[in-house]
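Summary of the model geometry
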Amino acid sequence: MAKTSKKILTVQDLSCVGQCSLTVALPILSAFGLETGVLPTAILSEHTMFKNFTFLDLAQNMENTLKSWESDGHRFAAFYTGYLGKKEHFGIVERAIETLSEPSAPVIIDPAFGDNGKLYPLFDEAYVEGMREYVSHADVILPNITEACYLAGVPYASHFDRTAVCGLMAALARGGNYHIVLTGVEEEGKIGFAHYDPATGKTEFYFRVLLDGRFHGTGDIFASVFTGAYLAGKDMFEAAKAAAEFVALAISVNDKEHTYGVQFEKELAAFALPYLQ
Ligand code: PXL
């Protein structure tokens, strides 16, 4: 039986505790009114910033799932991928995009492999190399500065001014014909993003007040809200603005002692409601 209703697919890990990846993406995408299929890449006890995390690779299950979906005729109107986990996952997800896509379904990729100048645990240069090829399939990528530097082969620095950001965008733009939403750009006590449009070659900036504290999972919240707002009809710049505003709102209501993630749940329903109407 062919399934023709409009649904999207998100591909990322399930960290069972830690407010990141699927436990962030699913509630957010649902709040934006999107029916969301999931292709989990791995199951972790908690995200990899915890000391004793476990990691169960689901590559074989991903392959089996793809076969079922191909046979049962499932198709997706958009793809949003985040943390994958193993370089073997890239080819599987590329095949999913190739065989399960409705016509002109956008591909939104959050590379999700590093921060603060470093790769997350489990990742190495071979993973980055795989990601470089994989992101060439994207319509839009949402790296932070660390990921952008790794992907573009540009040395990391703790601060990038506007000129340096434009240089980084130019280097990254050589890897594909995608939009780039670069997160974590800072300027004079403010934080925001830069958006590079491949059609014009221009980079536009958006900043808002920088709040205290650095939290885990904010990139996943950003990418999920971006996806929700973009698929609700906003343009990429407006969708990224909504994502930046929601991340700030979630941080502003987060309990001080809650540090391994952000309590995005408190404000999600009210924030997303206008996108349903
Ligand atoms: O938030 C990105 C992320 C997702 N999934 C896992 C992670 C991280 C970041 O460290 O460890 C398992």
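The shown structure was predicted, so the numbers you read here are calculated from the model rather than taken from an experiment.

Around the ligand sit D13, S15, C20, S21, L44, H47, T48, M49, Y83, Y120, H216 and D220, and those are all the residues in its vicinity. Interatomic distance of 2.8 Å between a side-chain N/O atom of D13 and a nitrogen atom of the ligand. Between an oxygen atom of the ligand and a side-chain N or O atom of H216, the distance comes to 3.0 Å. The class makeup of the residues in the shell around the ligand is 5 nonpolar, 5 polar and 2 charged.

Looking now at the packing of aromatic side chains. In the structure shown here, the tally under the stated rule is 17 aromatic pairs. Ring centres of F193 and Y206 lie 5.5 Å apart, and the angle between their planes is 35 degrees; on these two criteria the pair is classed as tilted. Placement of F193 in strand β10 (residues 190–197) and of Y206 in strand β11 (residues 202–209) is noted, with a sequence separation of 13 residues between them. Comparing F193 with Y206 shows no difference in burial state: the two are buried. Members of the aromatic cluster, joined through ring pairs, are Y83, F90, F123, Y127 and Y134. Just above the ring of F76 sits the side chain of K7; from NZ or CZ to the centre is 5.6 Å. The ring of F205 carries R162 above its face, with NZ or CZ at 4.6 Å from the centroid.

Pairing analysis gives 2 bridges linking strand β8 (residues 140–141) to strand β9 (residues 179–187), with the strands arranged parallel. Within the sheet, the bridge partner assigned to I141 lies in β9 and is I180. Bridging between β9 and β10 involves 7 bridges; their strand directions are antiparallel. Along β10, the bridge assignment pairs V181 with H195.

Below, the discussion takes up helix α7 (residues 218–231). In this model α7 runs 20 Å from its N-terminal to its C-terminal C-alpha over 14 residues, within 8% of the 20 Å that 1.5 Å per residue would give. Among all positions in α7, only D220, I221, F222, A223, S224, V225, F226, T227, G228 and A229 are buried. Just beyond α7, the residue with positive phi is G233, at close to 115 degrees.

This part takes up the pairing of strand β2 (residues 36–44). The two faces of a sheet get side chains in turn, since along a regular strand they alternate between them. Pairing analysis gives 7 bridges linking strand β1 (residues 8–15) to β2, with the strands arranged parallel. Note that in β2 the partner of Q12 across the bridge is P40. With helix α1 (residues 22–31) bridging β1 and the parallel β2, this β-α-β connection has right-handed handedness. In this structure, β2 lies alongside strand β3 (residues 55–57), joined through 3 bridges in antiparallel fashion. For A42, the partnering residue across the bridge sits in β3 and is D57.

Inspection of the entire model under this criterion finds 10 salt bridges. The closest approach of N and O atoms between E88 and K87, which form a salt bridge, is 3.7 Å. Given a relative accessible area of 46%, E88 falls into the partly exposed group. We note a salt bridge from R132 to E125, for which the minimum N-O separation is 3.4 Å. Salt bridges linked by common partners bring E63, E70 and R95 together as one network.

Next up on the list: the packing of helix α2 (residues 59–72) against helix α3 (residues 88–100). The interhelical angle for the contact between α2 and α3, taken along N-to-C directions, is 10 degrees, at an axis separation of 10 Å. The angle between α2 and α3 falls in the class roughly parallel. Every residue of α3 that contacts α2 at A59, M62, E63, L66, K67, W69 and E70 is listed here: H89, I92, V93, R95, A96, T99 and L100.

Counted as a void, the second largest pocket has a volume near 200 Å³. Lining the second largest pocket are L211, D212, G213, R214, F215, I251, S252, N254, D255, K256 and T259. Per-class residue counts for the lining of the second largest pocket are 3 nonpolar, 4 polar and 4 charged.

Criteria and cut-off values
Residues numbered from 1 in each chain as written. Predicted model: local features only at pLDDT ≥ 70, side-chain atom pairs only at ≥ 80, totals over all residues. Heavy atoms only, no water. Near = heavy atom within 4 Å. Polar contact = N/O pair within 3.5 Å; in protein donor to acceptor, adjacent residues only side chain to side chain. Nonpolar A, V, L, I, M, F, W, Y, C, P; charged D, E, K, R; others polar. Phe/Tyr/Trp six-rings, centres within 6.5 Å; stacked < 30°, edge-to-face > 60°. Helix = DSSP H or I, 4+ residues; strand = E, 2+ residues; numbered from the N terminus. Buried < 20%, exposed > 50% of the residue type's maximum accessible area, 1.4 Å probe, protein only. Lys NZ or Arg CZ within 6 Å of the ring centre and 35° of its normal. Pairing = 2+ DSSP bridges. Expected span 1.5 Å × (residues − 1). Right-handed = clockwise from strand over helix to strand, strands pointing away. Salt bridge = Lys/Arg side-chain N within 4 Å of Asp/Glu carboxyl O. Axes fitted to C-alpha atoms, helices over the stretch in contact; angles between N-to-C directions. Parallel < 35°, antiparallel > 145°, perpendicular 65-115°, else oblique. Contact = heavy atoms within 4.5 Å. 1 Å grid on protein atoms, 1.4 Å probe; cavity = no way out; pocket = protein on both sides within 12 Å on 5 of 7 lines; lining within 4 Å. Points joined across faces, edges and corners; volume = space filled by probe spheres on them.

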